[in-house]
Amino acid sequence: MFKYSALIFLLGIIIGAGRASAADIDTRTCSLTQAYQCTSEDGCEESSIGDVALPRFIKIDLKAKVIKSLDKNIARETRFREIDRVQGMIVLHGTEQRGWSMALGEDSGTLTLTASGDDESFVIFGSCISP
């Protein structure tokens, strides 16, 4: 009897630990590191994150479908509509002044954001802390 109750107790701990780590997967903390601005006339040019008016640090909440700035001087929040998972990536889709998509490498922690507007586009690279 003791062996079975100990086994059930251990299984409960393992399952509980699995649930806690699943909650960590719902959020990512990321740093935006490189930015490129592109137009059909001028091609693409490297810019700083500040030049494209983006925060350096963001928190992505997959469950609430929101991205929040972690920079004190840029108080910004944006929502996204869809989440897709494809070939080890989490892909977010949204609109705010232009259409955008963000690909997050689930294992690598890479972040690639593309945004397109009227004759302009932006490509942003970064890294996320993998849970």
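Residues numbered from 1 in each chain as written. Predicted model: local features only at pLDDT ≥ 70, side-chain atom pairs only at ≥ 80, totals over all residues. Heavy atoms only, no water.

Some words on the overall build of the protein chain
Secondary structure summary: the protein chain contains one helix and ten strands in total. Along the protein chain, helices (α) and strands (β) appear in the sequence α-β-β-β-β-β-β-β-β-β-β when read from the amino end. Counting over 131 residues, the protein chain shows a buried share of 28%. Expressed as a percentage of contacts within the protein chain between residues at least 6 apart in sequence, the contacts between residues at least 24 apart total 34%. Working note: accessible area of the protein chain is about 8700 Å², and carbon and sulfur atoms make up 55% of it. (Helix = DSSP H or I, 4+ residues; strand = E, 2+ residues; numbered from the N terminus. Buried < 20%, exposed > 50% of the residue type's maximum accessible area, 1.4 Å probe, protein only. Contact = heavy atoms within 4.5 Å. Areas by Shrake-Rupley, 256 points an atom, 1.4 Å probe, with all protein chains shown as cover.)

Some words on the confidence of the model for the protein chain
On average, residues of the protein chain carry a pLDDT of 83, and 80% of them reach 70 or more. Every residue in residues 1-24 is under pLDDT 50, and counting partners more than four places away or in other chains gives one contact. (pLDDT = per-residue confidence, 0-100.)

Comments concerning a negative patch on the surface
Taken together, Glu-41, Asp-42, Glu-45, Asp-118 and Asp-119 make up a surface patch of like negative charges. Take Asp-119: its relative accessible area is 46%, and that puts it in the partly exposed class. (Patch = residues over 30% accessible without salt bridge, like charges linked within 9 Å, V, L, I, M, F, W, Y side chains within 5 Å. Salt bridge = Lys/Arg side-chain N within 4 Å of Asp/Glu carboxyl O. Lys, Arg positive; Asp, Glu negative; His and termini not counted. Charge placed at Lys NZ, Arg CZ, Asp CG, Glu CD.)

Structural notes on the pattern of salt bridges
Using the criterion set out here, one finds four salt bridges in the structure. Of the charged contacts in the structure, one is a salt bridge between Asp-71 and Arg-56, with a shortest N-O distance of 3.9 Å. Residue Asp-71 is located in the loop between strand 4 (66-69) and strand 5 (77-79), and its partner Arg-56 is located in the loop between strand 2 (43-47) and strand 3 (57-61); the two are separated by 15 residues in the primary sequence. For Asp-71, a relative accessible area of 10% translates into the label buried.

Observations concerning the state of the cysteines
A full pass over the atoms with the stated rule returns two disulfides. Residue pairing for Cys-38: its cysteine sulfur links by disulfide to Cys-44, the two sulfurs lying 2.0 Å apart. Taking the torsion about the sulfur-sulfur bond, which here is approximately 110°, the covalent link between Cys-38 and Cys-44 counts as right-handed. Take the cysteines of the protein chain that form disulfides and number them in order along the sequence; they join up as 1-4, 2-3. (Disulfide = S-S within 2.5 Å.)

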